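# Observations on the model geometry
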Amino acid sequence: MADMEPHIFSVAEEAYRTMTREEKNQSIIISGESGSGKTVSAKFTMRYFAVVGGAAQQTSVEERVLASNPIMESIGNAKTTRNDNSSRFGKYIEIGFGRKGDIIAANMRTYLLEKSRVVFQASAERNYHIFYQLCASRELPEMRSLKLDAPEHFRYTNQGGEMQIPGTDDVLDLERTRNAFIILGVQPDQQMELFRILSAVLHLGNVNIQVSGRSSDRSYIDADDRSLAVFSKLLGVEVSQMAHWLCHRRLAVGGEMLVKPMSGQQSLEARDALAKHIYGQLFTWTVHRLNSALRTQGAKAKSFIGVLDIYGFETFDRNSFEQFCINYANEKLQQQFNRHVFHLEQEEYVREELAWSRIDFSDNQQCINLIEGQLGVFDLLDEECRMPKGSEESWSRKLYDQHLSSKPHPHFRKPRMSNCAFIILHFADTVQYECEGFLDKNRDTVFEELINILKASQSELVAELFQQQGNVSSVANGSIRSGKRAHREHKLTVGFQFRQSLQMLMDALNSTTPHYVRCIKPNDLKEPFMFDPKRTVQQLRACGVLETIRISAAGYPSRWTYEEFFCRYRVLLRGPQSQEHAQASCRQALPELIQDPDQYCFGKTKVFFRAGQVALLERLRAERLRVAAVIIQSGVRGWLARIRYSRICWATVTIQRYCRGALARRLALTLRYTKAVLVIQKTYRMMIVRQLFLVIRQATVTIQAFTRGTLTRRRYRLLVAERAAVLLQTRVRGWLARQAYVRVHAAVVFMQCCVRRRAARRQLLKLKTEARSVERFRELNKGMEVKLMQLQLRADQEARESATLRETLHAEREAFTAELETLRTTIQKLESKKYEQPPCPVISEKEVEEKRRAEEKAAQDILHLTQEVEALQREKDSFNKDREDLSARLLEQEKAQEECVRQAVFQASAALRAELDEERRKYQGLLREFTRLEQRYDNLREMSLLTERTKGHRRTDSTQSLSFEPLSAPTSPSPLSPLSPLPSAFPSLEEVHRDSVTSPCLERTVSLGRFETPMDQLMERMDVAKGPAVKMTGEDLAHAYDAVRVANKLLESQLRSQCSQREDELEALRCQLSQAISGSSSSAAQRQELQELLEAREQECVRLRRELKELRKTVTLRRLLTQVLTPALTTESSSPSRQKPATVAGLLECRKRDETKLIKNLITDVRVDSALSLPPGLPARVLFLCVRQADCSGDQARARSLCSAAVTAMKAALKKHSSDVDMTTLWLKNACLLHDLLNQHSPKQTLNSEDQVPLTTDLSDLIRALSDLCIQAYQQLLSITETRLQNIIVPAMLESETIPGLSGAAAKLVGSRKRTGSDPRTVGGDAHTMASVLRELGTLHSALSHQALPQTLMEQAFHQLIYLISASALNSLLLRKDMCCWSRGMQIRYNVSLLEEWLRSRGLQAGGTVATLEPLIQAVQLLQAGKKTEADAQALSQTCTALSSQQIVKILTLYSPHSDLDERVTLNFIRTVQGLLKGRSDGQPPQLLMDVRRVFPVTFPYLPPPILHAEQLVIPDFLKISFLRRA
């Protein structure tokens, strides 16, 4: 292209070749007037680089570089009177190239966006293209929510009168812009957020601001303004706040805040300033997003080519601040061109001592000094902006005095008919600038109140735009007016920022080799094929092209140092060549190479050439190299031919040798075959004759044998006819029977083998399935320990019963033996009496008869007694049997009742525990939202204070336009209204919000000091401490808060009493059961009574559970009200305790005046490295000792204030270090330790030691605030780690190749199915592995271990993080087909095993941490298990218990074979699995993906610390708290 006419591609090719040849950075500077084609030239240049710097097809980097053009044109270009697509900002694109000359990265820098065009357009001009594109696409379904209309109905788009550009389609342009956004990685939902903000800017321009007051010094916005409502809804902000602060401003004067209403014009300016600021922030965010998409993570670029497309020289009928900056930038570029082309060129000629006559050119240094020099235009403008009452008139007078009166400047003039304008003679034209608007545009301020409202937006993108505003550097465009004079002096003006960025651009251009493209505008009418020669010559003369042609014709555009010339053209030199004699060799060889001596010139260190001579030398060098190449080729080709000839000769001799040997072997074989044929013929003939002889002899013998045999058989048949036949039949039949038996036996054995083999195969498959199933082993071992314990308990119980029965039997036997002995003794006594009676010497018959009767009677008595003894024995046996039966029945009933009671208690405990966890999770979720809503709460509090103040001090005098708002809250409390202590009387959240924000304080007639409300009486009766008074929102909220606390106390007392009553009844029931079991004569009525009593107790338990569920809503209302009211309540010191303060040794005393210094040195201003070197919990221990000393001294107010200040400082420290894991862990440890110390010494806590003395101050509310602070710090710590893990979970768990040997196969199998555009990570970037995940987890574990936090808290934290890793990996696995294969499952299982090993090595496997990985492990097992038969389906349904039915079916559907031997999962198998899963009632959720946002409630263990003394603390000197005294 170098031989063709000047073209944009030839300039780009020259820059590209120079970069690759000389390895230096290049830059292409495209300049010209507005509308001359600079933007199109830049696009063609980038397109050329994308083609030559890419592969055969465009890669992602080149495609993204080209895709950035439609986006920047839509948001940065607009129609002007001179150009339909004028760039209203400057951009410098650096395209980075690698070592092979391919594009690997790009970066874009922008300069001075014309934000004033957003709110104002001149006649025949338009706003930025994106607004008209959105209005044209308003009928699309996704655009209807933006509430857009035709551009004629919006103030920001209808001022110029031009709604359409001929030849353009805004709908197609928007579609092209959206496609470019997708290429650059901006998703459709984020695009809609972008369009929502742009639409909100249009609606903001239609907000109707009306004036009021006698002198129109006030303004307001109607509450039903539709445009403001749509604007607030699109941005997610409060309508009332936006309407208020658009019409008011706040000033800080001394220690008070002044809220001043603004006039109508000031409100319009505030509205336009907000619109410009929103658009500017959105433009900056878009540029940052494009740069992040164009930036790669691979190797660093070796060199780059910068393309500068900046606004051209502009002059309009009315020129303002933007045209002044644009023309100033063009002056700097023209100076750089002059310096490079004219000044440096001629200076080099003089330095090299060439015969040269200087060429005069127009130098614009004086004009630049006028603008940027000392006391120049920019300096005077910045000075006027710093003045409190600066104006355009005073600034213009200063310009006239400085540059016209005192020291006239040749490039500065004053208009004849205006005193508020000035004229500057630029290099291209003379331009008159109007001073109006210069100061406001240079300040570019927007009120802080409006920015705070946008920071609290519900839209994530809006909050991100204005949250990042506080972190950007001071060079960013625009500033925020906060109303504080301390910050006003440090703000940078737009002019100063533009000068800094322009100087950086000049430094970048000067560090590269420049290439210039001068765009010439053919006419000013924007007509094609119309050429105005006068206008063209004027542009050529203004930009110095004519002088460039003159110096190019007279000078030497090409130059080489002698060493470079020697290295490049040494092939053209003759004679001895040496690097030391390079200059002499060049001087000797050039006259022979170039015949005309005027075409070159020798300098001191360089040799110079005129135009075209370098091309001549390049042609001679190429010719010399071609001749040398031909000589080398001829030698190489001859050598190759000789080698080929020698090989052919060797091959020919070898072939001949082998052919001759083959012929000789063939002749020898022929002779051998001839001899063999003769031998065969002889032998054959002999064999034929011998065979004929043998046949004849055999025939003779055969005839004889048959004849003799016939005769012999006749005789034999006659002899053995009958006997031989019978014997033969017997043997044959026996043989047949045996053969049949053998066949049947073999068949039976074979059938048995088949049946047994089939059964063995089934058993083998079943054993394999059970061996694969983890659940089988779990089921085999499930409950074994419990069963063993139950059997052991049952054995022990039976042993105890056996011992009891033995003792009872032994006692009964002893009683029976004693009774038997008694009877025997009685009988013996009777017998002895009978035998001891002395015989009478004379026995009469009467006595004999009486004796006989007595003996008979005694015998009857003995018989009767014996029968009674037998009856008693039988009755005793029956009683023993009945007792055993009754004991067995009672034991069974007791076991059944105990089991029922145990199950009921377990179910109730489980339900209560689940409700407690749910309430804890909701409460912690509300604490998490507190940080986000804090900004909105501050805004609401300011609005509340403003409303109460203005309504409380309303005046009729219109001259009083300022309302004073004190910085501190008012001290006079408002009267209270009596409230009912019942839960139904509690105010709702909406009522509290309405009372605290919009309603004025109603006046009451009853004061607090003289009357006591029923609520106060109820609080005293329930022993509830009264909460602090509410100073900001009124006493009504304080009373509502006290009512909530009373309800809480009531609920707690009721629950305690019912639980204690239930425990007493259960204990009494157990006692009655034990008495019933021990008694041997319990009746059936008593058992029935006990059964009825047990049923009544169970019904009572059910009733208590129902009441607990009914009271849950009240508890939830109490917690919500506590969270809403606690930030609004101000803590006051409680009433002084009546107890006498105890004396405790080993404390630290902090005086009242040193409290702020203590908090500052210990918490607020402590450095990170110093804080991490402290012993764990040292700040908390020091603070507790100080609080304890204040409490012991009787100063309860100081104790509360010190503790409250410590809590507030810890909150501020957490916000300050919101992204630091170590500092967040540090303050989590201190908050937990301080909470445990205060809770340990609380008056309500039971003291475990006599040395512990309780606190006399009631710090229960601060203990509750510390508990909330612990939860907030824990959530912040997890949020930091989750943010770091979010982007590396999927690459590390699913995509990393950690097992060697599987990566190649996996890549071959799934390489064709991988997605090409969905992965945002670059190909050349460093892939994340499991080491990255373990590194992040190790960082958290080290921080927690360093602060000595409890093991249970660490287990809960890692339980949450491991659940996030498992859920994210499983969700990605369910959505990616390329991951569902056998080899990938092996990789994932190995990665999971690494994570499990890491957890076990640090003792974190408890608390359900490893169990959260079970769904991912089962999903991997599902990928590796067999998926063919019905047995496989049953095994899968039994194994995958942690996966839902939808997840199992999804994985089976996405499964891909990992080799040709594997097969896809059939549809019948999937249906079989679905059928098996239908009957499984595992209670799993029906959704496909796991909830990655699930948060497990945290429970902080209460670990009472040991008794603390000041002598035990080692306080470092760098804390600077030596003012503390030991007490």
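Residues numbered from 1 in each chain as written. Predicted model: local features only at pLDDT ≥ 70, side-chain atom pairs only at ≥ 80, totals over all residues. Heavy atoms only, no water.

## Quick word on the overall build of the protein chain
Heads up, the condition is: Numbering of helices and strands runs from the N terminus; a helix is a DSSP stretch of H or I covering at least four residues, while a strand is a stretch of E covering at least two. Exposure classes here rest on a 1.4 Å probe applied to the protein chains alone. A residue is buried below 20% of its type maximum, exposed above 50%, and partly exposed in between. Throughout, a residue-residue contact means that at least one pair of heavy atoms, one from each residue, lies within 4.5 Å. Only the protein chains shown count as cover for residues, and the accessible areas themselves come from Shrake-Rupley with a 1.4 Å probe.
A count of helices and strands for the protein chain gives 44 helices and 22 strands. By the burial criterion, 41% of the 1527 residues in the protein chain qualify as buried. Sequence-distant contacts in the protein chain: of pairs separated by 6 or more residues, those separated by 24 or more amount to 76%. Looking at the protein chain as shown, the accessible area adds up to about 86,100 Å², and 55% of this sits on carbon and sulfur atoms.

## A short note on the pairing of strand E10 (residues 303-309)
Heads up, the rule is: Pairing between strands is defined by DSSP: at least two bridges between the two strands are required.
Judged by how many residues are buried, E10 sits mostly within the fold: six of seven residues are covered. In terms of strand pairing, strand E1 (residues 26-32) meets E10 through five bridges, oriented parallel. Counted as the bridge partner of Ile 28 is Val 307 from E10. As defined by bridge partners, strand E4 (residues 90-97) adjoins E10 across seven bridges and the pair is classed as antiparallel. Residue pairing in the sheet places Gly 96 in a bridge with Phe 304 of E10.

## A few points about the sheet that holds strand E5 (residues 103-111)
Where strands meet in a sheet, backbone hydrogen bonds hold them as pairs that are either parallel or antiparallel. Under the convention used in this document: Helix axes are fitted only over the stretch in contact, all axes being lines through C-alpha atoms; the angle between N-to-C directions runs from 0 to 180 degrees.
The strand order E5-E4-E10-E1-E16 describes an open sheet built from five strands, whose pairing is mixed. Strand pairing shows two members of the sheet lacking a second neighbour, E5 and strand E16 (513-519), which therefore form its edges. Adjacent strand axes in the sheet meet at a mean angle of 15°, parallel and antiparallel pairs treated alike.

## Description of the nonpolar core
The condition that has to hold: Here, nonpolar core means buried Ala, Val, Leu, Ile, Met, Phe, Trp, Tyr and Cys residues that are tied together by side-chain atoms lying within 4.5 Å of each other.
Within the largest apolar cluster, 125 residues are counted, with the highest numbers of intra-cluster contacts made by Leu 1158, Ile 1163 and Leu 1337. The element best represented in this core is helix H39 (residues 1351-1375), accounting for 14 residues. Not counting residues within four places of it along the chain, the set of residues in contact with Leu 1158 comprises Cys 1150, Ile 1163, Leu 1183, Cys 1186, Leu 1202, Ile 1521, Phe 1523 and Leu 1524. If you look at the next biggest cluster of nonpolar residues, it comprises 90 residues, including Ala 200, Leu 202, Ile 453 and Leu 465.

## Observations regarding the confidence of the model for the protein chain
Counted only if it meets this: Every residue gets a pLDDT, meaning the predictor's confidence in that residue, from 0 to 100.
Mean pLDDT over the protein chain: 78, with 76% of residues reaching 70 or higher. Note that residues 471-479 has pLDDT below 50 and, in this model, 16 contacts with residues that lie over four places away or in other chains. Across residues 1080-1084 the pLDDT falls below 50, and counting only partners more than four positions away or on other chains, this stretch makes five contacts in the model.

## Some thoughts on H39
Keep this limit in mind: For a helix, the expected span equals 1.5 Å multiplied by the residue count minus one.
The terminal C-alpha atoms of H39 lie 36 Å apart, and with 25 residues this matches the ideal 36 Å at 1.5 Å per residue to within 8%. Of all 25 residues that make up H39, 21 are buried, and the element is covered over most of its length.

## Some words on a negative patch on the surface
To be explicit about the condition: Nonpolar side chains (Val, Leu, Ile, Met, Phe, Trp, Tyr) are joined into patches within 5 Å and like charges within 9 Å, using only residues with over 30% relative accessible area and no salt bridge. Definition used for salt bridges: Asp or Glu carboxyl oxygen within 4 Å of a side-chain nitrogen of Lys or Arg. When charges are counted, neither His nor the chain ends are considered; positive counts come from Lys and Arg and negative counts from Asp and Glu. Here the site of a charge means atom NZ of a Lys, CZ of an Arg, CG of an Asp or CD of a Glu.
Judged by side-chain charge, Glu 14, Glu 22, Glu 563 and Glu 564 come together as a negatively charged surface patch. The set of elements that each furnish at least two residues to the negative patch consists of helix H1 (8-22) and helix H20 (562-569). Within the element layout of this structure, Glu 564 appears in helix H20. Among the residues examined, Glu 564 registers a relative accessible area of 42% and is labelled partly exposed.

## Overview of the sheet that holds strand E17 (residues 558-561)
Strand order across the open sheet formed by three strands is E17-E19-E18, with antiparallel pairing between neighbours. Whereas interior strands pair on both sides, the edge strands pair on one side only; in this sheet they are E17 and strand E18 (600-602). Between one strand axis and the next, the sheet turns through 20° on average, direction left out of account. For E18 and strand E19 (residues 606-609), the ladder comprises three bridges, and the chain directions are antiparallel. Among the inter-strand pairings, Cys 601 is bridged to a residue of E19, identified as Phe 608. Against the sheet, H20 makes contact with E17, E18 and E19, and its axis sits at roughly 95° relative to E17, the strand it touches most. Contacts from helix H21 (residues 582-593) reach E18 and E19, with the element oriented near 160° to E18.

## Side note on H1
Compared with the 21 Å implied by 1.5 Å per residue over 15 residues, the 21 Å span of H1 between its first and last C-alpha is a close match. Within the span of H1, buried status applies to Ile 8, Ser 10, Ala 12, Glu 13, Ala 15, Tyr 16, Thr 18 and Met 19. Buried-residue contacts for H1 involve E1, helix H2 (38-52), E4, E10 and E16. Positive backbone phi, at 55°, marks Glu 23, one or two positions downstream of H1.

## Brief notes about the environment of His 810
Put simply, the rule reads: Whenever two N or O atoms come within 3.5 Å, that pair is a polar contact, provided that in protein one can donate a hydrogen and the other can accept it, and provided that, for residues adjacent in sequence, both atoms are side-chain atoms.
Here His 810 is to be found in helix H24 (residues 784-836). Judged by relative accessible area, His 810 falls into the partly exposed class, the value being 47%. Among the polar contacts made by the side chain of His 810, one reaches the side chain of Glu 814 at a distance of 2.4 Å.

## Some words on unusual backbone geometry
In the Ramachandran plot, Phe 529 falls in the positive-phi region, its phi being about 55° despite a non-glycine side chain. Tracing the backbone shows Phe 529 in the loop between E16 and helix H18 (533-542). Despite not being glycine, Lys 1520 has its phi angle at roughly 60°, a positive value. Inspection of the secondary structure assignment puts Lys 1520 in the loop between helix H44 (1467-1478) and strand E22 (1525-1526).

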